[in-house]
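# Analysis of the macromolecular model
Residues per chain, in single letters:
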Amino acid sequence: MPTYKAPVSDTVFLLSDVFDYAKYANTPGFSEAPLDVVEAILTEGAKFVEEVIQPLNRIGDLEGCRRREDGSVTTPKGFKEAYKSLVEAGWVGLAGDPKYGGQGLPLFLGALFGEYECSANIAFSMYPGLTRGAVAAIMVHANDDLKARYLPKMTTGEWTGTMNLTEPHCGTDLGLVKTKAVPQADGSYAITGQKIFISAGEHDLADNIIHLVLARIEGAPAGVKGISLFLMPKFLPDADGRPGQRNGVVCGSIEHKMGIHGNSTAVLNYDGAKGWLVGEEHRGLPAMFVMMNGARLAVAIQGLGLSEVAYQNAAAYAKERRQGRSLKGPVEPDKPADLLLVHPDVRRMLLEIRAFNEAARALLVWIALTEDEARFSPDPQARQAADDRLGLMTPVLKGVFTDVGFANTVKAQQVLGGHGYIGEWGMEQFVRDARIAMIYEGANGVQALDLVGRKLPKDGGRAVMAFFGEVSQFLAANKDDALLAPYLGGLQGALGQLQQATLWLSKNGLADPDNAGAASTDYMHLFGLTALGYMWARIVKAVLARQAKGDSNPALDAKLTLAKFFSERMLPEAGAHLARIRTGAATLMALPAEAF
Ligand SMILES: Cc1cc2nc3c(=O)[nH]c(=O)nc-3n(C[C@H](O)[C@H](O)[C@H](O)COP(=O)(O)OP(=O)(O)OC[C@H]3O[C@@H](n4cnc5c(N)ncnc54)[C@H](O)[C@@H]3O)c2cc1C
C-alpha cells in the first residue's frame, strides 16, 4: 500500500528563505498569518490529509462512485465521513471570506494545502476544490442576493459547487454551447439542455450542490459572445435558506473512466431547471474565467501532487528492493544483491522526478503568493505586476506541471518494475489518476496556444518582458558570487533560448499563425524549464545563505546536488525545444487530410 508524508518543512523553507515571506506582511490577510502560524496550519493540514484522506485513496479507486436508479450517486466508503470532518475542521473555507464563514487566511495557504490534498487523494480533493472555485466566481460576479443566499453554505463546504461547461458536441469550443435559458417573470431563468463530464456533478457528500452553468439566453447571438452564466442549485433554498424543493436538474449517468474513480463524473440533464444569472447577459465566459483560471492552477497542483506521492513511494521501494550488483562491484557483498539505488539509471528516474518536484513546488509557492499580491496588495503597481505574472504563468503551470507530472508517475512506476504495474502497490493508480489533468480545464495543447497566442502579446508583451527582466537581473546580480555562479550557467543558456524562441514567434507567428500553433507546446515547455531553472537558482541562493550562517543540515546539500542535476541533465532539453520551434509549421501541415 502506498504511503504519503506531506513535505511541510520544504514548503516552509521556500516561504521563509526563498521568497522572504516577511516582505508580504503589509498585504491584507497576512498579518493574521505570520510564518509560525502558517507552519502550524500546514502541519495540522498535513496530519489531516495523511490520516483521514490518504487512507481512502485506494478504496475510492476500487469502489468508485455508484449511481442509483433514482439518479442519486453514492461516493466510496468513508468519503462522506471524511468530507464532513474536512468541513468541520474548516479546511474548505481556509482562505474564504469571513463575512461568509471563511477563515480569511491568505489565498496561498489554500494552494499549498491543495498540494497535500492532491497527493493524498486527488479524486476526493476535487469536491472541495471545485467548491472553492465556484465560490470565487460567485464572489466576483454574482449580485448581493445570490451571494447572501449561497455563499455562507458554500464557503464552509456544507454545500459543494461544480462547473458546467462541456456538452456532448463541445468541449474546447464553448462557442457551440446549446443549453438554453428562458427568462421567467420572477427574474429567474428556465434552463434546458445537457452537460457531460461534470466533476462532482452528483454525490452524497453535501446537502446541496450548486452548479455554475454556461447557457445561451433565447435569442442571444451565436458564438462565445452569446453565452451567459447561471447559478443553478440542486435544491432550491427555502425561506430559511435550507435545501427545499428539488430543481429540474438530474444526473442521467456517471462515466466509467480511466482514473479518479472516487470523483463522480456526471451527465446532467436540465429540464426547465431554475437558474439565476451571474454577472451580465452574454458575458458568461469572462465571468466563468474566474473559476476556470483558479481551476487551471488547481489542476497544475494535481500534477505536482501526484508526481510527489509517486516519487515518495518509488524512492522508498528503491531503498528496500535488492536486484543485481553495482556496475563497480558489490556494494554490500554480505547481502544477496545490492539495492536498486546503486543503479545509475534508477537514480536518473528518481532524480528527474525529484528535481522537478522541488522546483515546481517553489514555482507554486511563488505564483500562489503572486495571486494574493494581485488581489490584495495595497500598491497598485505591485498589483498590476502580480496580475501580469499570474496570467502569464497560469497556462505554463497547468500545461507543464500536468504533462511532466504524468510522465513522472510513469517514471516512478518504472522504478518498481513489474510491481509498478500491479494494483496493490498503488503506482498504476497514480498513473491513471494523473492522466486526466493533461486533458481537463483546457487540454494542454490549448494551454500552450493560450500562452503563445494571448498571454505573450497581451499589453505589448509587458508580462513576458517583466519575467525576462527579473531573471536577467537575478543572473546579473549574482554572477560574481563565487559559490552561486557555477549554478547559473544552465539558467543563462535556457533564458537565452527562450528569448530567441520568443523573438522567432513574434516574427514567424504573425507571418503564418500555423507557425505559432506548431511551436506552442515546445514553447510552453521551454518556458516551464526556464522558470523551474530560475526557481533552482533562487533555492541555491537561499541554501548557500543558510550554510553561510552555519546550518549543516544534510537536506541543504541534497538541494545543491538536485540543482546541479537539473542544470546538467534537464535544462539541456531547452535547446531541443528551440530547435523544434524553429522548424515552423511546414512539415506538420504538409500531409493532406486523406494521408492520415
Ligand atoms: C474526468 C473528466 C472530468 C471533467 N470535468 C469537467 C467539469 O467538471 N466541467 C466541465 O465543464 N467539463 C469537464 N470535463 C470536460 C473537459 O474539460 C473536456 O473534455 C476538455 O475541455 C476537452 O474537450 P473535449 O473533450 O470536447 O475535446 P475537444 O475539444 O474535442 O479536443 C480534442 C483535442 O483537440 C485539441 N483541440 C481542440 N480544439 C483545438 C484548437 N482550437 N486548437 C488546438 N487544439 C485544439 C484539444 O487540445 C484536444 O487535444 C471533464 C472531462 C473529463 C474526462
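To start, this report covers the structure provided alongside it.

Reading guide: rules and limits
- Per chain, residue numbering runs from 1 following the sequence as it is written.
- For this predicted model, a pLDDT threshold of at least 70 governs which residues receive local features, and a threshold of 80 or more governs which side-chain atom pairs are given and counted, while totals over whole chains, interfaces and linings are taken from all residues.
- Excluding hydrogens and water, the side-chain values take into account all heavy atoms of the structure.
- Cavity means a closed set of points on a 1 Å grid over the protein atoms alone, one where a 1.4 Å probe fits but cannot get out, pocket means an open set with protein on both sides within 12 Å along at least 5 of 7 lines, and lining means a residue has an atom within 4 Å of a point.
- Grid points are joined across faces, edges and corners, and a volume is the space filled by probe spheres set on the points.
- Comment: elements are numbered from the N terminus, with helices defined as DSSP H or I runs of at least four residues and strands as E runs of at least two.
- Asp, Glu, Lys and Arg are counted as charged, while Ala, Val, Leu, Ile, Met, Phe, Trp, Tyr, Cys and Pro are counted as nonpolar; the rest, among them Gly, fall into the polar class.
- An expected span of 1.5 Å times one less than the residue number is assigned to each helix.
- To obtain the bend at a residue, axes are fitted to the seven residues ending there and to the seven starting there, and the angle between these axes is taken.
- The term polar contact refers here to a pair of N or O atoms within 3.5 Å; inside protein, the definition further demands a hydrogen-donor-capable atom paired with an acceptor-capable atom, and it admits residues adjacent in sequence only when both atoms are side-chain atoms.
- To pair, rings of Phe, Tyr and Trp, with the six-membered ring standing in for Trp, must have centres within 6.5 Å; the planes then decide the type, stacked if under 30 degrees apart, edge-to-face if over 60, and tilted in the middle.
- Relative accessibility under 20% of the residue-type maximum defines a buried residue, over 50% an exposed one, and the middle range a partly exposed one, all with a 1.4 Å probe and only protein chains included.
- Whether two strands pair comes down to DSSP finding at least two bridges between them.
- Here a residue is near a molecule or strand as soon as one of its heavy atoms is found within 4 Å of it.
- For this analysis, a salt bridge means a side-chain nitrogen from Lys or Arg found within 4 Å of a carboxyl oxygen belonging to Asp or Glu.
- By the convention used here, residues are in contact when the closest approach between their heavy atoms is within 4.5 Å.

Another aspect to go through is empty space enclosed by the protein. Overall, the coordinates contain two cavities of 30 Å³ or more when judged by the stated rule. Each pocket or cavity is described by its volume, and for the largest cavity that value is around 60 Å³. If you trace the largest cavity, you find it lined by Y487, L491, G533, W536, A537, V540, A563, F566, S567 and L571. For the lining of the largest cavity, the elements supplying multiple residues, two or more each, are α14 (513–548) and α15 (554–570). It is α14 that contributes the most residues to the lining of the largest cavity, four residues altogether. Along the lines of polarity and charge, the residues of the lining of the largest cavity split into eight nonpolar, two polar and no charged. Its boundaries defined by the atoms lining it, the second largest cavity holds a volume of some 40 Å³. N57, G60, D61, F79, N121, A123, I260, H261, G262, Q429 and D433 together form the lining of the second largest cavity. For the lining of the second largest cavity, the per-class residue count stands at three nonpolar, six polar and two charged.

Between its terminal C-alpha atoms helix α9 (residues 380–415) stretches 49 Å, which fits the 52 Å expected from 36 residues at 1.5 Å a residue. At M393, α9 shows its maximal bend, which comes to roughly 35°, and the proline P395 appears one to four places after that position. A side-chain oxygen of the first residue of α9 lies 2.9 Å from the backbone nitrogen of Q381; this N-cap is D379. Of the residues one or two after α9, G417 is the one with positive phi, at around 55°.

What follows is about the packing of aromatic side chains. Scanning all chains against the criterion turns up 18 aromatic pairs. Measuring from centroid to centroid gives 6.4 Å for F48 and W91, while their planes differ by 45°, and the two rings are tilted. Highlighted residues: F48 in helix α2 (residues 35–53) and W91 in the loop between α4 (79–88) and α5 (107–141), separated in sequence by 43 residues. Note on W91 and F113: the rings are 4.5 Å apart at their centroids and 20° apart in plane angle, and the pair reads as stacked. Here F113 lies in helix α5 and W91 lies in the loop between α4 and α5, a separation of 22 residues in the sequence. Relative accessible area serves as the criterion here: at 8%, W91 is assigned to the buried category.

Turning our attention to the pairing of strand β6 (residues 209–217). Sheet faces and side chains relate simply in a regular strand, where the side chains alternate between the two faces. Within β6, nine of the nine residues are buried, which leaves the element mostly enclosed by the surrounding structure. Pairing of strand β3 (residues 160–164) with β6 involves five bridges; the strand directions are parallel. Bridging across to β6, G161 finds its partner in I210. Bridge count for strand β4 (residues 180–183) against β6 is two bridges, and the pairing is parallel. Note that in β6 the partner of K180 across the bridge is R216.

Quick look at the environment of H256 now. Here H256 shows up in the loop between β10 (249–254) and β11 (265–278). Spatially, the C-alpha atoms of H256 and G64 are 9.0 Å apart, while their sequence positions differ by 192 residues.

Moving on, we come to the site of the ligand. Taken together, the neighbourhood of the ligand is formed by 18 residues, with L165, T166, T172, F197 and S199 sitting nearest. Within the backbone of L165, one N or O atom sits 2.8 Å away from an oxygen atom of the ligand. With respect to the ligand, the side chain of T172 contributes an N or O atom lying 2.5 Å from an oxygen atom. Across the shell around the ligand, the residue classes break down as ten nonpolar, six polar and two charged.

Turning our eyes to something else, we now look at the pattern of salt bridges. Under the defined criterion, the tally for this structure stands at 36 salt bridges. Among the ionic pairs, E202 bridges to K234, the shortest N-O distance being 2.7 Å. Here K234 lies in the loop between β7 (228–233) and β8 (235–237) and E202 lies in the loop between β5 (189–199) and β6, a separation of 32 residues in the sequence. Among the residues examined, K234 registers a relative accessible area of 10% and is labelled buried. Between D480 and K479 there is a salt bridge whose closest N-O contact spans 3.7 Å. One exposure class covers both D480 and K479, and it is exposed.

The subject of this paragraph is helix α7 (residues 284–318). Taking 1.5 Å of rise per residue, the 35 residues of α7 would be expected to cover 51 Å, and the 50 Å separating its terminal C-alpha atoms lies within 8% of that figure. Maximum bend of α7: about 35°, positioned at V290. Within α7, 28 of the 35 residues are buried, leaving the element largely enclosed by the surrounding structure.

Within the chain, F197 stands out as a residue other than glycine whose phi angle is a positive 60°. By relative accessible area, F197 is classed as partly exposed at 49%. Residue H282 is not a glycine yet carries a positive backbone phi of 65°. Within the fold, H282 resides in the loop between β11 and α7. On the basis of relative accessibility, which here comes to 26%, the residue H282 falls in the partly exposed class.

What the second largest pocket holds in volume is close to 510 Å³. Lining the second largest pocket are 22 residues, and of these S9, D10, E358, A555 and K559 sit closest to its centre. Where the lining of the second largest pocket is concerned, the elements lending two or more residues are α1 (8–18), α7, α8 (344–376) and α15. Counting residues per element, the lining of the second largest pocket draws most heavily on α1, which supplies six residues. Residue classes in the lining of the second largest pocket are distributed as nine nonpolar, five polar and eight charged.

Take A33: it is sitting in the loop between α1 and α2. Separated by 71 residues in sequence, A33 and G104 place their C-alpha atoms 9.8 Å apart. Apart from the residues lying within four places of it in its own chain, the contact partners of A33 are Y21, V38, L105 and P106.

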